Amino acid sequence: EYLVGCTLNGSIILWECTMDFAFHTRILGHAWDVICLAKLNFNNTDKYLLSGGNFTEIKVWDIDLECIKTLTSDTGTVYVSKIITFNHDEKEYFARFSSDKTLTVWDAIDFVALFTLTGHHGDIMQNSSTYNNGKLFIISSNSDGDIFVWDFKARNMSVSISINVRAIQTID
């Protein structure tokens, strides 16, 4: 088990989760800033680490810290959000949002983009997921103070909430 951090010089740093949090290793693989990280957990086991940077790529790292895949996305700074994991059809997913005002859902087994949600007018700042009455929803917020609730199965916006604030920084 490791504590993982990212830097603005293109590296990912791992520390051991021990009493002293000793430095473990530094991974270099991005040409520019690494601004987001997410772990993919299958059956409560860390299997992959995702990292996103200041361009259109998401890197997939295996448990040996080797980059096994580079996923390219639409234009805009890429952010990797919280992992969306559920047992529907025995598949695992993750979502990424970016400064191009889109949110894309990826298959976390085959690492292919499944669909992209559009509709935000401001940069997407954060997203989350939740179940309600057995349905999965993705929730996203933007720099204009809007919160969108997306129906995962229908792949469309279910609810739009406008709040008179500059930006919603965190949702959960």
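Anyway, here's the lowdown on the structure attached to this text.

Counting across every chain of the model gives 1 salt bridge. Note that Lys135 is salt-bridged to Asp151, the shortest N-O span being 2.8 Å. Taken together, the residues span a long stretch of sequence, with Lys135 in strand 13 (residues 135–142) and Asp151 in strand 14 (residues 146–151) at a distance of 16 residues. Overall, the relative accessible area of 8% leaves Asp151 in the buried class.

Pairing within the open sheet is antiparallel, and its 3 strands lie in the order 1-2-3. The two strands at the open ends of the sheet, each matched to only one other strand, are strand 1 (2–6) and strand 3 (23–28). Averaged over all pairs of adjacent strands, the angle between strand axes in this sheet comes to 20°, irrespective of strand direction. Sheet analysis places strand 2 (residues 11–16) next to strand 3, joined by 5 bridges and oriented antiparallel. Within the sheet, the bridge partner assigned to Ile13 lies in strand 3 and is Arg26.

For the rest of this paragraph, the subject is the packing of aromatic side chains. Applying the stated criterion across every chain yields a total of 5 aromatic pairs. A centroid spacing of 5.3 Å and a plane angle of 85° characterise the contact between Tyr48 and Phe111, whose relative ring orientation is edge-to-face. With a gap of 63 residues between them, Tyr48 in strand 5 (residues 45–53) and Phe111 in the loop between strand 10 (102–107) and strand 11 (112–118) connect regions that are remote in the sequence. Both residues of the pair, Tyr48 and Phe111, belong to the buried class. On the basis of an interplanar angle of 65° and a centroid distance of 5.5 Å, the ring pair of Phe115 and Phe152 is categorised as edge-to-face. Highlighted residues: Phe115 in strand 11 and Phe152 in the loop between strand 14 and strand 15 (156–162), separated in sequence by 37 residues. Take Phe115: its relative accessible area is 9%, and that puts it in the buried class. Pairwise contacts between aromatic rings join Tyr93, Phe115 and Phe152 into one cluster.

What counts, and at which threshold
- Residues numbered from 1 in each chain as written.
- Predicted model: local features only at pLDDT ≥ 70, side-chain atom pairs only at ≥ 80, totals over all residues.
- Heavy atoms only, no water.
- Salt bridge = Lys/Arg side-chain N within 4 Å of Asp/Glu carboxyl O.
- Helix = DSSP H or I, 4+ residues; strand = E, 2+ residues; numbered from the N terminus.
- Buried < 20%, exposed > 50% of the residue type's maximum accessible area, 1.4 Å probe, protein only.
- Pairing = 2+ DSSP bridges.
- Axes fitted to C-alpha atoms, helices over the stretch in contact; angles between N-to-C directions.
- Phe/Tyr/Trp six-rings, centres within 6.5 Å; stacked < 30°, edge-to-face > 60°.

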